[in-house]
Structures are given as C-alpha cells and as structure tokens.
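# Commentary on secondary and tertiary structure
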Amino acid sequence: MRLFVSEGAPGSLPVLAAAGRAQCRAELLISTVGPEECVVPFLTRPKVPVLQLDSGNYLFSTSAICRYFFLLSGWEQDDLTNQWLEWEATELQPALSAALYYLVVQGKKGEDVFSLVRRALTHIDHSLSRRSCPFLAGETESLADIVLWGALYPLLQDPAYLPEELGALHSWFQTLSSQEPCQRAAETVLKQQGVLALRPYLQKQPQPSSLEGRAVSNEPEEEELATLSEEEIAMAVAAWEKGLESLPPVQPQQNPVLPVAGERNVLITSALPYVNNVPHLGNIIGCVLSADVFARYSRLRQWNTLYLCGTDEYGTATETKAMEEGLTPQEICDKYHVIHADIYRWFNISFDIFGRTTTPQQTKITQDIFQRLVARGFVLQDTVEQLRCEHCARFLADRFVEGVCPFCGYEEARGDQCDKCGKLINAIELKKPQCKVCRSCPVVKSSQHLFLDLPKLGKPLEEWLEKTLPGSDWTPNARFIIRSWIRDGLKPRCITRDLKWGTPVPLVGFENKVFYVWFDATIGYLSITANYTDQWEKWWKNPEQVSLYQFMAKDNVPFHGLVFPCSALGAEDNYTLVSHLIATEYLNYEDGKFSKSRGVGVFGDMAQDTGIPADIWRFYLLYIRPEGQDSAFSWTDMLLKNNSELLNNLGNFINRAGMFVSKFFGGFVPEMVLTSDDRRLLAHVTLELQHYHQLLEKVRIRDALRSILTISRHGNQYIQVNEPWKRIKGSEADRQRAGTVTGLAVNIAALLSIMLQPYMPTVSATIQAQLQLPPPACSILLTNFLCTLPAGHQIGTVSPLFQKLENDQIESLRQRFSGGQAKASPKPAAVETMTTAGPQQIQVLMDEVTKQGNIVRELKAQKADKNQVAAEVAKLLDLKKQLALAEGKPLETPKGKKKK
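Rules behind the numbers
- Residues numbered from 1 in each chain as written.
- Predicted model: local features only at pLDDT ≥ 70, side-chain atom pairs only at ≥ 80, totals over all residues.
- Heavy atoms only, no water.
- UniProt positions renumbered as here; feature names shortened; annotations may be inferred.
- Helix = DSSP H or I, 4+ residues; strand = E, 2+ residues; numbered from the N terminus.
- Areas by Shrake-Rupley, 256 points an atom, 1.4 Å probe, with all protein chains shown as cover.
- Lys, Arg positive; Asp, Glu negative; His and termini not counted.
- Charge placed at Lys NZ, Arg CZ, Asp CG, Glu CD.
- Core = buried A, V, L, I, M, F, W, Y, C linked by side-chain atoms within 4.5 Å.
- Buried < 20%, exposed > 50% of the residue type's maximum accessible area, 1.4 Å probe, protein only.
- Contact = heavy atoms within 4.5 Å.
- Axes fitted to C-alpha atoms, helices over the stretch in contact; angles between N-to-C directions.
- Parallel < 35°, antiparallel > 145°, perpendicular 65-115°, else oblique.
- Left-handed = near helix turned anticlockwise from the far one by under 90°.
- Phe/Tyr/Trp six-rings, centres within 6.5 Å; stacked < 30°, edge-to-face > 60°.
- Lys NZ or Arg CZ within 6 Å of the ring centre and 35° of its normal.
- Salt bridge = Lys/Arg side-chain N within 4 Å of Asp/Glu carboxyl O.
- Pairing = 2+ DSSP bridges.
- pLDDT = per-residue confidence, 0-100.
- Bend = angle between axes of the 7 residues up to and from the residue.
- Disulfide = S-S within 2.5 Å.
- Polar contact = N/O pair within 3.5 Å; in protein donor to acceptor, adjacent residues only side chain to side chain.
- Nonpolar A, V, L, I, M, F, W, Y, C, P; charged D, E, K, R; others polar.

As annotated in an unreviewed UniProt entry, the protein chain is Methionine--tRNA ligase, cytoplasmic from Eschrichtius robustus. Per UniProt, the protein chain carries the Function (unreviewed entry) text "Catalyzes the specific attachment of an amino acid to its cognate tRNA in a 2 step reaction: the amino acid (AA) is first activated by ATP to form AA-AMP and then transferred to the acceptor end of the tRNA. Plays a role in the synthesis of ribosomal RNA in the nucleolus." You can read under Catalytic activity (unreviewed entry) in the UniProt record for the protein chain the words "tRNA(Met) + L-methionine + ATP = L-methionyl-tRNA(Met) + AMP + diphosphate".

Right, dumping it as structure tokens:
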C-alpha cells in the first residue's frame, strides 16, 4: 500500500494518525507530494490524502482511508461511530472549513472565527459529558475520535479556540494530542508552523459559502431530545409519576457528625487560611466556597458529611503582623479569627466546625506524630545556614525574608516559597535577600534544626499514590505538582524554626524552637476535629470507611499531597489520608492581582458593603471558578452574568412559573395531562439532572452550575413555545394544556431550587418558601426528576428573586476597588460608556437580543395587548443598551428627544 499526503493539507492529519496506529499490521509506504500533484489518474483535480491499495484501487476520502486502517487493526464497526462520521461530514466540516479559511486566509481572529464552530464544539463537549466516557463512542478510542481530532487539531491547538468551560472536550483533545501517532502526524503536516502551515493549501480552495443562512441554535442540547430512546423517556415518566413517595426518609442530623459503617462517609476540609490577613475573593473561591458547594451537595445526597476549617494561627506571618500592629501574637489571632468567621458567615459557608490551631489539642497531636516519626528514624538533625538580621538581633524565619527567586527571577519571592513558579526555597538561596522588618541585608549564620527524611519516606509515599490516584478525583494540576516533586527527587525538609510563636518541639536541645508551620498546620485539621468531638479518631484514623476531600489553591498542594502524607505514613498510626485533592488555579482581579496594601480588589470584609447579596457573589465566583487555568474577576462580566443568566434566564423562568399558578389557577398547581412533548421534556430534564450529579460527584463544580442554567433555559423555551397565557383564554382543551404546561414548569422550578442549594442557599430557600415545597423534597436530591408539587398543591406568594445590576452602580464599585485611580472625567448626559466585554459575554447578550426580538415580533404579528407589547419592547431596548455598552459603543440620545 502507498499513502500519499501533503504538508499543509488538513486531511493528512487524521490519516497519518490512523496509519500510525496500524503500523506493523501491513506494509505501508508514505509519500509526501505537492498540493498540485495529481495522484489519482481519473480525477481532474489534485486530491490528497490518497491511499493506493495493493489491488491498484484508490481511496481518497479521509474517513474512508482512516476506516481502512482501523479495520486492519481489528476494529469492529458500530452505529455510534457511523453517526459521528456522518455528523463530522455534514455539520462539523462546513463550519470548520469556514473557520479555518477566515483565520488563515482572511486573517480574522477571536469571536469572528470561534462563533462559526461554537455550536459544533459545544455539541461534542455535551456528548462526552453526558455519557461520562473518555471517547466519543465509549471507553476506548474509535475511528470517530481520530477523524474528529484530525479535523479539529489545526484550530484547537491554539488554546484561544478551546474555551476552559468545555472541560470534557478539552480533556478528550489533550488525551488524543498526547498520543505518539497523533503527535507524529501533527509534526509531519504542520511542521512547527501551527495553523499557518495550512495557508498554501487553503488559498487554493474556493471561498466557503457564508454560514449566515444556517439556522444556529443557542441551545445545543436541544438536538439531544431527538436522540432520546423510548426506554429513557418511559423511565423518566415512571420516576416522575412516583413523586414524593419515592423519597427516602430524611436522616436526622447527628451531633456530633460521625462516620457510620456501611454508609458513605465524607470528610471535607478547606485549606486553613492564615489568620493574619483578610481573605480576598480568590482565597474564598479557592478554598472555602468550593468546599462548601461540595459539602452542601453531599448532605443533599444524605452522605455522612463533616466539613471543617479554621484559622492557621502559628508561625512567622502571625509574629510579623503582631509587630506591625503593636499587639501580641495571641491578640492578633483573637482579632483576625473573629474577622474570618464573620466573613465566612456572611458568605453562608456551612462549616460543621470553624476552629483554630492555637489549642492544647494541636500541641498534643502534633507532638505525638513527631515523636512517632523520631522513634521510627524519619527525623534527621543537621546544621542549617540561616539568615540573621543583625539590626533586629534575630534569626529570620522564612516569611521575614524577601528576595529574588533563584529559579525564575521573581523579585518578591518569600523565604520559603516563590508565589510565581511555586517552587519551595531555602531562605539562603534567595538572591538579594532583605529583612522584611527593617529592610536591611541579613547575614548567613549557623543554627541546629530538625528535618523530615522525605527520601526515606519516598517508597511508602509512592505505594500510597499508586493505590490512591487511579480512580480518584485529584485535579490534574495536583497530580502534576506531586509528580514533579517526586521526579525532581525528594530532599529532607526542615520542620523547625527559630521562633517563639508555635507548637513547642518536645526534644532535648530544641526547647527554644517551634515546629515549622507547614509541618503542623495540616495537623490542624485533626486538632480542630478533636476540639469538636473526643471521637475524632473515627474520622482521622479510619481510612477504610472515610473519603477525605481537601480543597485548596494549587500553592498548597505540596503540603497536603506530599508533606503531610509522608508525616502520617511515617507515624504508622493508620491515619486517614486525602482521597481526592481538589486544587484550583489562581483568581486574578480585573487585569492584575489582589492587593490589600494598594486597595486593589474586593476582600471578604468589603463584599458585604457593596449592596450586592452574598448569593450573587457566590454565583459569580463559582461561575468563573479557576479550574484548569487562571481566571479573572471582572465587574463588567459580573453585571452581564447577573442580568442575563440570573435575571433574564433563571429568575425569569422561576418567577413566570410561579406567577402562572397564582394568576391563572388561584395559587393551586393544576392537573397535568402529559403529551409526548412533555414526556420528552421530562426525560431531557432527567438527563441534565443526572449530568449535574455526574459532574458534582467528580467535583466539577463550575460545569455542574451550567446544568442548572441549561434546565432553566429549556423551561423558558417550553413556556414560550406553549404560551399558557394565551391558552388559558381559549377552549377547554387549551385551558387544560395551559394547566399542564404551568404544572410541569412549576415542578421544574422546584427541582431547580434544590439543585441551586449548594450554590445559592438563600435563593434556594426563598424559592422553596414561595412554592411551599414539602420539607422532605428540600433536603434530598435524587438522580430522577420527581413531581414534588402534585395537582392541588397550594403555593405561597411569588415575588422576583433577583435585581438588575445597573451600569453606574458597577462603574462606581469598579472605581472604588481600583486602588485609588484617578476618577474618570464626567460623561455627557446622553452618552454612557463601559469597558468592552469579552466575546463570550457579548455573544450571550446578542443571543438574548435575538430571542427578545423574536418575542416582540410574534406579539406584534398577533396584535397582542399594547401594554404587553410595550413591556416586551422595553425589555428589548434594555438588552440592546446592555449589548451596546458591552461592545463599548456610546448610547446616543434617542431621536425625537432633542436636548435643550
């Protein structure tokens, strides 16, 4: 056989990858030809790739060539793969060809290109997520994966066109791109030039026809309705009809919460915040808020759940802050512990325990672990070259020193770790070190210290990781960080410091030293639990029955995933170790970093003074949760998400559903006679609910939030298509239809109230109070959509859930938290401006404008009531105003209203 390919020809990518998989199964000669060379004698135009078979026949369809190679590998055809190949040819290729042409030939970028493929990429992502399989057709790689990967690779190898919210697509693409046959194919075709390697080929192709005439759906999930099987629909209807009777009894709340043999026992920790400062929004989303969502979800599943956190109070940072404020370390701890507790209480964080590390239990447990490590030979003594400030007459612990990182050159590295590259540092390794107290240059002197012998603990650590990581939900960044540490070689780690404020070291000759905070801070979880219950060992010495989830930002991964596990493994006391390590990337503020000293960014004690409710903050922080890569808080984006996703989507649907019950049916849920369309909607909502469960069980918190908004969008669409406000005025059959639509819609609203509980607990409780949802339904979330508000159920008073955020309100807050930047010059009275929003934000508003425009046109065509038309027109004008502001366009004075 002979395979003809051409550099820069997109079709060559998947065939080369497929050929690489089939190596050693057939003799194959690969020839690279020019794009103008005619390989197939009976074709009038050049065509590559081409496979010439030993029989003399030719295959010149990309998918046909790939299929041939897969068949050589022993692959068996299946219907799902064939469906994907048909979709690739009819749906993906037209959109992708246009996108590549606009990008490479016409030089367009960003949203101009991405908008052409958004629907297709969302479809792939949704399909992968819904089936919870790593590949398109199942658990193993198929022909469909290679064909679609090859088609998409030229575009998606640029991260700009692979949005982080498409998590399943991102994982699938990275998995395939890391395989050797795919890597070799990409190197051969693109020659290190990226997508620009396609330019000579694409310039010779006819310009793709415009896609403007194609119907574009803003609901990519809608096409999934057509793929539902009759069995799925029947199962969804059967579950719906059982209603509240299928709910298990609500388990009474234990006090204290303890593990139960034979049940699922979930122990959740948030990284302990340093007591010496006020947490900013990045600290809140990275640790406590993410953990709170999972804790609330766990309780909805009726798992035995204990969620704990507390302030980390020992160490250099506390001494430093005490010196700055003229207080004792204990006074600083007492002051800031209250500040932290108040902030988390306002954010509605549902700790079972919020403790602190300055307790006798902390001393007792830390010293016990240390003594067990000493007895087993895992502690070393050594002389340490240490920085001493002669001006302050003291050895400088890590956080009293700043300098230039020896690894990456970052100029504000601390004496223990660089915040930029994440590497741990010994203070004497810093270049240009300075004492943080007096800014003088310290000198190097010797001091005797204790070390945890990490190299000696390397083998038990590796064995534990090999047992723990497969099948666990450690985030990719956590796995990478721990593997990097092991790959670079474990080194003894100093666990003592020359300080007074800390846990005393119980060893002769070390009475004047304390434990390094990162040796005993993670032990704080144990001591905080011990202060909660004297049965703490049932949680912390019970790895067989307890699943430990630990939430943190990525800089805390080495201490939770390596240092503490080594300490616990060395102590040989059957400690519960982390099962699922959930680490976020960093949240930035607008275009920079949070800075308390410069007044840049929103800190926890400031959020409650903005007038924006805590649940709105929770929603937005979870919507932009930095999973996979850093993200940024944006005031403009917060306004857009509040006004579009919460006000116009979620709030609009729930309010309309409740109002229809009140207005048309006297506050009583009407009888529901389900049609085939209603049954399909039940099945679709059930699938989305199950998707939500799958995501949260894997701690994909941000993606699960999208499932809530998707169900709400479908609810809005269902109401809009069926128009109950019209049918209620019609025949008996129309009135019955209005009742069915209203009853089903208000039950979807009830479901959303439960799904929202982990994210927006106050809003959730408000909806449940308005709908008078039965208490058992408020406490349990099953995997099926149930009828929780049967016909005849009386609801309460319905009122709007959300308020619109105004542009001037947000602009005022932006200025307030921008670090004292100069005030903007006054704007003309009739012109408003706003910082231009991102392409995805603008697209959301464009979709809303289109949808609202259709509503107005339909009402006018039907000659609806003038007041109703006026109200919808006002909504449309407001959305257009938001869109113009998001695009950075001025809003001129409306015609006919001249200024005097």
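Within the protein chain one finds 31 helices and 20 strands. With the principal axes as the frame, the protein chain shows a C-alpha extent of 85 × 80 × 70 Å. Counting every atom, the protein chain has about 38700 Å² of accessible surface; 51% of that belongs to carbon and sulfur. Charge centroids of the protein chain, computed over 93 positive and 101 negative side chains, lie 5 Å from each other.

Moving on, we get to the nonpolar core. One finds Leu562, Trp617, Trp635, Tyr692 and Tyr759 to be the most contacted residues of the largest nonpolar core, which totals 193 residues. The contacts of tryptophan 617, once residues within four sequence positions are left out, are Leu281, Trp346, Phe347, Val602, Ala607, Thr610, Ile612, Phe633, Trp635 and Met638. Counting residues in each nonpolar core, the second largest holds 68 residues, with Val15, Ala98, Leu128 and Leu155 among its members.

With that settled, the discussion passes to the packing of helix α26 (residues 732–756) against helix α27 (residues 761–771). Axis separation between α26 and α27 bottoms out at 8 Å; the angle between their running directions is 150 degrees. Relative to α27, α26 is oriented roughly antiparallel. Here α26 and α27 pass one another in a crossing that is left-handed. Across the interface between the two elements, Val746, Ala749, Ala750, Ser753, Ile754 and Leu756 from α26 touch Pro761, Val763, Ser764, Ile767, Gln768 and Leu771 from α27.

Structurally, glutamate 645 is set in helix α22 (residues 635–665). Residues glutamate 645 and threonine 305 lie 340 residues apart in sequence; the distance between their C-alpha atoms is 31 Å.

Let us look at the packing of aromatic side chains. Under the defined criterion, the tally for this structure stands at 28 aromatic pairs. Taken together, a centroid distance of 5.1 Å and an interplanar angle of 40 degrees make the contact between phenylalanine 515 and phenylalanine 519 tilted. Relative to phenylalanine 633, the ring of tyrosine 589 lies with its centre 5.7 Å away and its plane at 10 degrees, an arrangement referred to as stacked. Of this pair, tyrosine 589 sits in strand β19 (residues 587–589) while phenylalanine 633 sits in strand β20 (residues 631–633), placing them 44 residues apart in sequence. Pair check on accessibility: tyrosine 589 and phenylalanine 633 agree, each one buried. Taken together, the ring pairs in this structure connect Phe294, Tyr297, Trp303, Tyr549, Phe551 and Tyr692 into an aromatic cluster. Sitting above the plane of the tryptophan 303 ring, arginine 264 keeps its charged end 3.8 Å from the centroid. The positively charged end of arginine 497 is found above the aromatic ring belonging to tyrosine 516, 4.0 Å away from the centroid.

This next bit is on helix α1 (residues 12–21). The buried count for α1 comes to nine of 10 residues, which makes it a mostly enclosed element. On its buried side, α1 packs onto β1 (2–5), β2 (29–32), α2 (62–72), α5 (143–156) and α7 (180–190).

A few words on the pattern of salt bridges. Evaluation of the coordinates by the stated rule reveals 36 salt bridges. The partner of arginine 414 in a salt bridge is aspartate 416, and the shortest N-O contact between them spans 3.1 Å. Judged by relative accessible area, which is 14%, arginine 414 ranks as buried. What you see here is one network of salt bridges that share partners, running through Lys321, Glu324, Glu325 and Lys335.

Attention shifts here to the sheet that holds strand β11 (residues 413–414). The antiparallel open sheet is built from three strands, whose spatial order is β11-β10-β12. The open sheet has two free edges, formed respectively by β11 and β12 (431–435), since each of these has just one partner strand.

This part covers the confidence of the model for the protein chain. Looking at the protein chain as a whole, the pLDDT averages 86, with 90% of positions reaching at least 70. This model gives residues 210–226 a pLDDT under 50, and the stretch forms 32 contacts once residues within four places in sequence are excluded.

Sheets are built from strands that pair by backbone hydrogen bonding, the pairs being arranged parallel or antiparallel. Pairing in this open sheet of five strands is parallel, and the strands run β7-β6-β5-β17-β18 from one edge to the other. In this open sheet, the two strands that pair with only one neighbour each are β7 (353–356) and β18 (580–584). Mean inter-strand twist for the sheet, computed between neighbouring axes without regard to direction, equals 20 degrees. Lying on the sheet, helix α17 (residues 524–532) is in contact with β5 (265–270), β6 (304–311), β7 and β17 (546–553); it crosses β6 at an angle near 110 degrees.

A separate point is helix α14 (residues 454–468). Taken as a whole, α14 carries its principal kink of about 35 degrees at proline 460. Buried residues of α14: Leu454, Leu457, Gly458, Leu461, Trp464, Leu465 and Thr468, and no others. As for α14, its buried residues are in contact with β13 (443–452), α15 (476–487), β14 (493–494) and α19 (557–571).

This paragraph deals with the side chain of serine 707. Following the sequence through the fold, serine 707 ends up in helix α24 (residues 701–722). Using a relative accessible area of 1% as the deciding quantity, one classes serine 707 as buried. Discounting residues that sit within four places of it in the chain, serine 707 has contacts with Glu688, His691, Tyr692 and Leu695.

Evaluation of the coordinates by the stated rule reveals zero disulfides. Here cysteine 408 stays unpaired: no disulfide links it, and the sulfur of cysteine 418, its closest cysteine neighbor, is 3.7 Å away.

Let us look at the side chain of histidine 560. You can see histidine 560 is positioned in helix α19. One polar contact links histidine 560 to tyrosine 525, side chain to side chain, over a distance of 2.6 Å. When neighbours within four sequence positions are excluded, histidine 560 is seen to be in contact with Ala271, Trp518, Thr522, Tyr525, Gln550, Met552, Pro565, Val578 and Leu581.

A separate point is the pairing of β13. For strand β8 (residues 379–389) and β13, the ladder comprises 10 bridges, and the chain directions are antiparallel. Bridge pairing links glutamine 381 to leucine 450 in β13. Pairing of β13 with β14 involves two bridges; the strand directions are antiparallel. Paired with phenylalanine 451 across the strands is cysteine 494, a residue of β14.

With that out of the way, let us pick up the packing of helix α9 (residues 230–242) against helix α23 (residues 676–697). Here α9 crosses α23 at 85 degrees, and the two axes come no closer than 8 Å. In terms of axis orientation, α9 runs roughly perpendicular to α23. Taking contact as the criterion, the partners of Glu230, Glu232, Ile233, Ala236, Val237 and Trp240 in α9 are, on α23, Arg679, Arg680, Leu682, Ala683, Thr686 and Leu687. Of the residues in the contact of α9 with α23, the class split is seven nonpolar, one polar and four charged.

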